[in-house]
Amino acid sequence: MLVLEQTVQEARKEKITEWYKDFFPVVAAYISRRGGEMEDARELFQEALIIFYEKNLAGDFHPEVSAEAYLMGIVKKLWLKQQQNKQRIISFENIEISEEFELKPAVKKVLSFLRQSGEKCMDLLQSFYYEKLSMEQVAGRFGYKSERSATVQKFKCLEKVRDQVKQKSLSYEDFLD
Amino acid sequence: MRISLIEIQEIDNYLLDQDPAQSLVVDVRMLVNPQFKDKVLWQKTVHELVKLHGREKLRFEIQLVERELLTAPKYKSFQERIRSIFKK
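None of these values were measured; they are calculated from a predicted model.

Criteria and cut-off values
Residues numbered from 1 in each chain as written. Chains lettered and ligands numbered in written order. Predicted model: local features only at pLDDT ≥ 70, side-chain atom pairs only at ≥ 80, totals over all residues. Helix = DSSP H or I, 4+ residues; strand = E, 2+ residues; numbered from the N terminus. Rg over C-alpha atoms; globule rule 2.2 N^0.38 Å. Buried ≥ 20, exposed ≤ 12 C-beta atoms within 10 Å, placed from the backbone. Axes fitted to C-alpha atoms, helices over the stretch in contact; angles between N-to-C directions. Parallel < 35°, antiparallel > 145°, perpendicular 65-115°, else oblique. Left-handed = near helix turned anticlockwise from the far one by under 90°. Contact = placed C-beta atoms within 7 Å. Nonpolar A, V, L, I, M, F, W, Y, C, P; charged D, E, K, R; others polar. pLDDT = per-residue confidence, 0-100. Core = buried A, V, L, I, M, F, W, Y, C linked by C-beta atoms within 7 Å.

Draft legend 1. Focus on the overall build of chain B. Across its full length, chain B carries four helices and zero strands. Start at the N end of chain B and walk to the C end: the helices and strands fall as α-α-α-α. Rg of the C-alpha trace for chain B: 23 Å, well past the compact-globule value of 12 Å for 88 residues, more than 25% over. Out of the 88 residues in chain B, the part that is buried amounts to 20%.

Draft legend 2. Quick look at the packing of helix α4 (residues 105–129) of chain A against helix α5 (residues 135–142) of chain A. Residue and element names in this part refer to chain A. It is at 9 Å that the axes of α4 and α5 come closest, and there the two elements cross at 150°. Here α5 runs roughly antiparallel to α4, going by the angle between their axes. Between α4 and α5 lies a crossing of right-handed hand. In this structure, α4 uses Leu124, Ser127 and Phe128 to contact α5, whose residues at the interface are Val138, Arg141 and Phe142.

Draft legend 3. View of unusual backbone geometry. At lysine 132 of chain A, a residue that is not glycine, the phi angle is positive and equals roughly 60°. If you trace the backbone, lysine 132 of chain A turns up in the loop between α4 and α5. Backbone geometry at aspartate 17 of chain B places phi at a positive 55°, although glycine is not the residue there. Along the chain, aspartate 17 of chain B turns up in the loop between α1 (3–15) and α2 (20–32).

Draft legend 4. Structural detail: the packing of helix α6 (residues 147–169) of chain A against α1 of chain B. Where α6 of chain A contacts α1 of chain B, the axes come no closer than 9 Å and their chain directions differ by 90°. In terms of orientation, α6 of chain A and α1 of chain B fall into the roughly perpendicular class. Packed against α6 of chain A, whose contacting residues are Val152, Phe155, Lys156, Leu158 and Glu159 of chain A, the element α1 of chain B presents Ser4, Leu5, Ile8, Gln9 and Asp12 of chain B at the interface. Its residues placed into classes, the contact of α6 of chain A with α1 of chain B shows five nonpolar, two polar and three charged.

Draft legend 5. Spotlight on the interface of chain B and chain A. The interface of chain B with chain A comprises 32 residues on the first partner and 37 residues on the second. When residues of the side of chain B that touches chain A are traced back to their parent elements, those giving at least two are α1, α3 (34–71) and α4 (76–86) of chain B. Of the residues forming the side of chain B that touches chain A, the biggest block, 21 residues, is contributed by α3 of chain B. Grouping the amino acids of the side of chain B that touches chain A by side-chain chemistry returns 16 nonpolar, eight polar and eight charged.

Draft legend 6. How the structure looks around the environment of lysine 76 of chain B. All names here are of chain B. Among the secondary structure elements, lysine 76 is positioned in helix α4. Judged by local crowding, lysine 76 falls into the exposed class, with 10 C-beta atoms found within 10 Å. Residues lysine 76 and arginine 2, spaced 74 residues apart in sequence, show a C-alpha to C-alpha distance of 57 Å.

Draft legend 7. Looking closely at the confidence of the model for chain A. All names here are of chain A. Averaged over all residues, the pLDDT of chain A is 84; the fraction at 70 or higher stands at 82%. For chain A, strand β1 (residues 90–92) is the element with the lowest average pLDDT, namely 47, and α5 is the one with the highest, namely 94. Below a pLDDT of 50 lies the segment residues 89–93, which in the model reaches nine contacts outside its immediate sequence neighbourhood of four places, other chains included.

Draft legend 8. Representation of the nonpolar core. If you look at the biggest cluster of nonpolar residues, it comprises 26 residues, and the most contacted ones within it are Leu125 and Val161 of chain A together with Leu49 and Val50 of chain B. Of the residues forming this core, the biggest block, nine residues, is contributed by α4 of chain A. Residue contacts for leucine 49 of chain B: discarding those within four places in its chain leaves Val110, Leu111, Leu114 and Val165 of chain A. Of all hydrophobic cores here, the second largest spans 24 residues; its members include Leu44, Leu49 and Ile74 of chain A together with Ile62 of chain B.

Draft legend 9. Expanded view of the environment of methionine 72 of chain A. Within the secondary structure, methionine 72 of chain A is located in helix α3 (residues 67–84). With 16 C-beta atoms counted inside 10 Å, the residue methionine 72 of chain A sits in the partly exposed group.

Draft legend 10. Focus on the environment of lysine 145 of chain A. Mapped onto the elements of the fold, lysine 145 of chain A is located in the loop between α5 and α6. Each C-alpha atom, one on lysine 145 of chain A and one on phenylalanine 52 of chain A, is 33 Å from the other, the two residues being 93 residues apart in sequence.

Rendered as structure tokens:
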């Protein structure tokens, strides 16, 4: 189980390193040519990698487009968005980038509260719902003896977090806007 | 599993679209039972928050890789290449 978990995290780190080494110089040159600074390139590339990673997880990345072309499409979109300072969804070459990347203060506060009050639950939930690990992998990462125990814990966490979010959101009027 | 957890599981299957045959049942329950609808909507919100939490963790991992690539001596040539791009 431990080996399985190390493999998941190490594989991701290797992939991120590979993407960084291969594509960041291209992105940096693109941003620099348009008058951007190193900081702009770093921020945009981080956002682009997150979007790219999520598209991969969701199976939305199609190999007929090269990874570089796809990532550059995202970067160009983000750069345009930053320049135009728009807060709405922009659609370009079927790549959608929504404003959810910009967290509202109330959402930040609720997230911060959830991490402080139960980071293990949040980590367990994200490993299944965000990283899309199997329940076997989740059990290994969090030290549960079986998938069944990990599954029960997952639902207990969902229930706990749901109650906390409902309670906490009452304090923040703009949370659900 | 206790009853409330079974309900959580049913709602999860609905939100993740894992049991299309049961979706209609959940839709009808939401129409006739406002408390149940409330639970579904809050659980959906939790899914969104968990996604944001996962995204922030990923961002942290990316930043660690970035820091290593931009500071570790073994990546000196990469650092010089990037520096040259922004040299005015």
